Amino acid sequence: MRKSIIGLLSIVVFASCSEKKSTKNFVLTGDIKGLKKGTLYIQRINDTVLVPIDTIKINGDSHFTSEFDIQSPEMLYLFLDRGVSNSVDNNISFFAEKGNMDIQTSLDFFTADVKITGSKNQALYDEYKKVVSRFVDQDLDLIEKRINALKNNKIEEAARIEEEQKGIQKRKYLYTTNFAVNHADYEVAPYVALAEIYDINLKYMDTIQKSMTPKVAKSLYGKKLNDFIAARKREEK
C-alpha cells in the first residue's frame with residue numbers, strides 16, 4: 001500500500017513538473033521537418049541591423065522552443081544556419097505577440113512550407129501579403145514586357161507599360177492604406193505603413209495615424225509611425 005502511495009505521488013509530482021508554465025510572456029514552439037543538425041537564431045531589427053535574441057541548437061530532434069519577454073507586438077525573424085550550404089531560403093519573418101506561437105515548416109522548403117499560428121497580427125499580415133503579392137506579380141510581368149519593348153526600340157509601348165506600372169503601384173498604396181485603416185486596432189497597421197508605403201503622400205499617413213487606437217498608438221510600431229510622420233512634416237516644411 002505504501003509503495004502504491006509513493007508511486008502515485010511520484011506521478012503527480014512528474015505531471016506538475018511537466019505542466020510547469022513559462023515565466024516569460026512569449027513562447028515560440030515549432031518543428032522543421034527533415035532538419036537533423038543546425039542552428040536557429042531568433043532575431044529582431046535594431047537600428048536596421050538584425051541582432052539575435054535567442055540561439056537554438058538542433059541535434060537530432062527537429063522540434064524547438066524559445067521563451068522570452070516582448071514589450072510590444074513585433075516582427076521577428078527565424079534564421080536557419082544549415083551549416084552545410086548558403087541557401088537563400090533561410091529566413092522566416094513572423095509577427096510575434098504575447099502568448100504562444102507555433103511555426104511549422106520543412107528543411108527543403110523552409111520559407112515556402114511555413115505555417116505560423118497563434119498571432120492575430122500574423123494572420124492579418126498573411127492576408128495582406130496574399131493580396132500584395134498579386135500587385136508584385138503584375139509589376140514583374142510588366143517589367144519584362146517593358147525591357148523587351150526597349151530592346152526592340154518600341155519607345156511608345158515602353159512608355160505605356162511604365163504608366164501601367166505606376167497604376168499598379170498606386171493601387172498597392174491605396175490597398176495598403178485601406179488595410180491599415182481597417183485594422184487600426186492591431187499593430188500590423190502601423191507596421192505595413194512604415195514598411196510598405198513610407199513615401200506615400202502625408203495625408204494618407206495622417207489618416208492611418210488618426211485611425212490607430214490608443215493601444216496601438218502606444219505600441220512599438222505606433223510610436224515609430226508617429227515619430228516618422230513628425231520627421232517627414234519637419235522635412236517638408
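Residues numbered from 1 in each chain as written. Predicted model: local features only at pLDDT ≥ 70, side-chain atom pairs only at ≥ 80, totals over all residues. Heavy atoms only, no water.

### Comments concerning the sheet that holds strand β7 (residues 99-106)
The strand order β4-β1-β7-β8 describes an open sheet built from four strands, whose pairing is mixed. The strands lining the two open edges of the sheet, one partner per strand, are β4 (63-68) and β8 (115-117). Shown here is a sheet whose adjacent strand axes are inclined to one another by a mean of 15°, direction ignored. (Pairing = 2+ DSSP bridges. Helix = DSSP H or I, 4+ residues; strand = E, 2+ residues; numbered from the N terminus. Axes fitted to C-alpha atoms, helices over the stretch in contact; angles between N-to-C directions.)

### As for the pattern of salt bridges
If you walk through the whole model with that rule in mind, you get 11 salt bridges. Residue Lys-166 is joined to Glu-163 by a salt bridge in which the shortest nitrogen-to-oxygen separation is 3.4 Å. Highlighted residues: Lys-166 and Glu-163, both in helix α3 (residues 155-182), separated by three residues, approximately one helical turn. Note that Lys-233 and Asp-206 form a salt bridge whose closest N and O atoms lie 3.1 Å from each other. One end of the pair, Lys-233, is in helix α7 (residues 220-235); the other, Asp-206, is in helix α5 (residues 202-211), and 27 residues separate them in sequence. Overall, Asp-206 belongs to the buried group, its relative accessible area being 16%. (Salt bridge = Lys/Arg side-chain N within 4 Å of Asp/Glu carboxyl O. Buried < 20%, exposed > 50% of the residue type's maximum accessible area, 1.4 Å probe, protein only.)

### Comments concerning the nonpolar core
Judged by nonpolar contacts, the single largest core of 33 residues is most densely connected at Tyr-191 and Val-192. Of all the secondary structure elements, the ones that give two or more residues to this core are β5 (74-81), α2 (120-151), α3, α4 (188-196), α5 and α7. If one sorts the elements of this core by residue count, α2 sits on top with eight residues. Discounting chain neighbours no more than four positions away, the residues touching Val-192 are Tyr-125, Tyr-128, Thr-176, Phe-179, Ala-180 and Ile-197. (Core = buried A, V, L, I, M, F, W, Y, C linked by side-chain atoms within 4.5 Å. Contact = heavy atoms within 4.5 Å.)

### Examining unusual backbone geometry
Excluding glycine, most residues fall at negative phi; most peptide bonds, likewise, are trans. Here Thr-48, not a glycine, exhibits a phi torsion of approximately 70°, which is positive. Its place among the elements puts Thr-48 in the loop between β2 (37-46) and β3 (49-59). We note that Asn-153 has phi near 60°; this positive angle belongs to a residue other than glycine.

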